[in-house]
Amino acid sequence: MLDAPFAKWIDEHQDELIARLKEAVEIPSVSGDASYRPHVVRMGEWLRAELEKLGAEIRSVPLGKQVLDGQELDLPPALVGSLGKDPKKKTVLVYGHYDVQPASLSDGWKHEPFQFTHDKETRRLYGRGSTDDKGPIMGWINAIQAFQETKTEIPVNLRFCFEGMEESGSEGLEELVIKEAKGEFADVDAVCISDNYWLGTTTPCLTYGLRGLSYFSVSISGPAADLHSGVFGNVVHEPMTDLFALFSKLVTPQGKILVPGINEKVAPLTDDERKLYEDIDVTLGDFEQAIGAKVTISEDKAEVLMGRMRYPSLSIHGVEGAFSGQGAKTVIPAAIKGKFSIRLVPDLDPDEVNELVQKYLKAEFAKLGSKNTLKVEMLSGGKPWVASIDHWNFRAAKDAIEKVYGKTPSYTREGGSIPITLTFAEALGKNVMLLPSAYRYFPSNRVGRGDDGAHSTNEKLDLANYIEGTKTLGQYLLNVPAAAASA
Ligand SMILES: C[C@H](N)C(=O)N[C@@H](Cc1c[nH]cn1)C(=O)O
Ligand SMILES: [Zn+2]
Ligand SMILES: [Zn+2]
């Protein structure tokens, strides 16, 4: 049990900390939709002001332009800065993202996604970004404020890097991190990222790996306009039929990727490695509860974990231009764009995967004998990352978790992607660690629904996790000097 003054302050100021998260969630900073770009910029300005209130020196760094939805837009600026420059102290770089995934009530949310809802009965905080990644960013701010309010010396120098494009491939950030490796980040000793999740509901995690990502769009066009299927069915090559034929060649219902050259690059599994997954403190039931149904591909817990952590996966996300309304419209869409992505593990490189996918889909399309036109594009790419847990950075976090939760964390690899992580590791040459500050991805036993995760409908953060997670981040910073000294 943690009884430090800063932790007590956090407990006593919960309303203030909730109000801060509410303000953040209510700025709809969706990076993947051009019409929301002003909100992403406003979110960056709001965050900068919060950091400056704590005395941090922050710069908003322009990252250039992008073309989105046919418009040329300024990328949202990255926030780069510092708090403390004492040469006797270790320096920790904190990264997070202030953009969010799209969300709309019509997707099945119980409340407006950008209207923060504090359900006092279940003690849950609902809203897009509550867990990914505004809750964790607020956790850092809350912890620093708690130190300052209780006159607790922060025993490390802090560097900050917050971006507004993580959910859209982190465009522009890599160059900045490489440049700042010799500038603002030159003195960094370790990096801490809080932007992922525990595996279950009871055991905290520390994360030493992330999958990379290659995200593709497949456009097929032919007719000059949408057609009447009674008039032109069995007369024209239909773009949607071609797309479904192609998509059926990507992955089997058992999750096996069919693009040649991908599975071959994955390192073979050893008995010792399998044991690592068998020993992780999570059950098949935890997964089923999160999913809300018994539909896992395997019933072997280690296989399920490896499917998420150490093997690649291919997921089909959606089709633009397809009829998706109610009723029975008899249309042949003239042009459609299918979206799918491949999560990457070592040694899969996004550019190499792009080449394999392009070659394969073009060959498969040729076999269809269609007169339509195919265009395959990789929209974004990010490399996988795996770190060593044998470092003081991980020890400082492990001790913090043990102090706050009284439990030893599980060491996990994350199935999701944070493209900039590998860049931090390589450009700075320092240890990077993911500390999911207890923000739960999986629903708790009390509600047991499978629909309240990050990127999904009804995203939420348990109040207890917001509060204890804030303490964990603070305690981690307090632990750094001793952990580093004993290294
Ligand atoms: C793990 C992190 N919180 C996250 O959700 N990352 C996204 C990154 C992304 C989205 N599009 C492109 N990259 C993810 O893993 O989907
Ligand atoms: Zn995130
Ligand atoms: Zn995300």
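Thresholds, definitions, all that
Residues numbered from 1 in each chain as written. Chains lettered and ligands numbered in written order. Predicted model: local features only at pLDDT ≥ 70, side-chain atom pairs only at ≥ 80, totals over all residues. Helix = DSSP H or I, 4+ residues; strand = E, 2+ residues; numbered from the N terminus. Rg over C-alpha atoms; globule rule 2.2 N^0.38 Å. Buried ≥ 20, exposed ≤ 12 C-beta atoms within 10 Å, placed from the backbone. Contact = placed C-beta atoms within 7 Å. Pairing = 2+ DSSP bridges. Axes fitted to C-alpha atoms, helices over the stretch in contact; angles between N-to-C directions. Parallel < 35°, antiparallel > 145°, perpendicular 65-115°, else oblique. Left-handed = near helix turned anticlockwise from the far one by under 90°. Nonpolar A, V, L, I, M, F, W, Y, C, P; charged D, E, K, R; others polar. Near = placed C-beta within 6 Å. Domains from an automatic or database assignment. UniProt positions renumbered as here; feature names shortened; annotations may be inferred.

**With respect to the overall build of the protein chain**
For step 1, the next point in the chain: Helices and strands together make up the secondary structure of the protein chain, namely 14 helices and 20 strands.
For step 2, the next point in the chain: Against the 2.2 N^0.38 benchmark of 23 Å for 487 residues, the protein chain shows a C-alpha radius of gyration of 23 Å, consistent with a compact globule.
For step 3, the next point in the chain: By principal-axis analysis of the C-alpha atoms, the protein chain measures approximately 75 × 50 × 50 Å.
For step 4, the next point in the chain: When the 487 residues of the protein chain are sorted by exposure, 45% land in the buried category.
For step 5, the next point in the chain: Across the protein chain, contacts joining residues at least 24 apart in sequence account for 81% of those joining residues at least 6 apart.

**Focus: the pairing of strand 8 (residues 157–163)**
For step 1, the next point in the chain: The buried fraction of strand 8 amounts to 7 of the 7 residues, a majority that puts the element mostly inside the structure.
For step 2, the next point in the chain: Judged by which residues are buried, strand 8 turns out to be covered on both faces: Asn157, Arg159, Cys161 and Glu163 on one side and Leu158, Phe160 and Phe162 on the other are all buried.
For step 3, the next point in the chain: Note that strand 5 (residues 91–97) and strand 8 share 7 bridges and pair parallel. When the bridges of strand 8 are listed, valine 92 appears paired with leucine 158.

**A word on the packing of helix 2 (residues 14–25) against helix 4 (residues 134–149)**
For step 1, the next point in the chain: Close contact between helix 2 and helix 4 brings their axes to 10 Å; oriented N to C, the two are set at 135°. Comparing their axes, helix 4 and helix 2 come out oblique. Between helix 2 and helix 4 the crossing geometry is right-handed. Listed contacts from helix 4 to Leu17, Arg20, Leu21, Ala24 and Val25 of helix 2 are Lys134, Gly135, Met138, Ile141 and Asn142.
For step 2, the next point in the chain: Its residues placed into classes, the contact of helix 2 with helix 4 shows 6 nonpolar, 2 polar and 2 charged.

**With respect to the site of ligand 1**
For step 1, the next point in the chain: Surveying the vicinity of ligand 1 reveals 14 residues, the closest of which are Asp132, Glu167, Asp195, Gly416 and Ser417.
For step 2, the next point in the chain: Across the shell around ligand 1, the residue classes tally to 4 nonpolar, 5 polar and 5 charged.
For step 3, the next point in the chain: Looking at which domains feed residues into the shell around ligand 1, each of domain 1 (5–211 + 384–485) and domain 2 (213–266 + 311–382) supplies at least three.

**Here we look at the UniProt feature "binding site: substrate" (unreviewed entry) in the protein chain**
For step 1, the next point in the chain: Listed under "binding site: substrate" (unreviewed entry) in the UniProt record, and renumbered for this structure, are Asp195, His228, Thr330, Arg343, Ser417 and His455. What stands out for the annotated residues spanning 261 residues is how far apart their C-alpha atoms range, the widest pair being 47.3 Å apart.
For step 2, the next point in the chain: Structurally, aspartate 195 is set in the loop between strand 9 (190–193) and strand 10 (205–210).
For step 3, the next point in the chain: The residues touching aspartate 195, leaving out its near neighbours within four places in the chain, are Gly96, His97, Asp132, Asp133, Pro136 and Ile418.
For step 4, the next point in the chain: For serine 417, the position within the fold is in the loop between strand 18 (410–414) and helix 13 (420–428).
For step 5, the next point in the chain: Judged by the 26 C-beta atoms lying within 10 Å of it, serine 417 falls in the buried class.
For step 6, the next point in the chain: Leaving out residues up to four positions away in the same chain, serine 417 has contacts with Leu210, Arg211, Gly212, Leu213, Arg343 and Gly382.

**What to know about the sheet that holds strand 20 (residues 460–462)**
For step 1, the next point in the chain: If you walk across this open sheet you meet the 3 strands as 6-7-20, and the pairing is antiparallel. Unpaired on one side and paired on the other, strand 6 (117–119) and strand 20 mark the two borders of the sheet. On average, adjacent strands in this sheet sit at an angle of 20° to one another, irrespective of strand direction.
For step 2, the next point in the chain: Here 3 bridges tie strand 6 to strand 7 (residues 124–126), and the two strands are oriented antiparallel to one another. Considered in strand 7, the bridge of histidine 118 is made with leucine 125.

**Points about the UniProt feature "domain: Peptidase M20 dimerisation" (unreviewed entry) in the protein chain**
For step 1, the next point in the chain: Here, the residues flagged by UniProt with the feature "domain: Peptidase M20 dimerisation" (unreviewed entry) are residues 208–366.
For step 2, the next point in the chain: Secondary structure over residues 208–366 splits into 35% helix and 22% strand, and the C-alpha atoms at its two ends are 42 Å apart.

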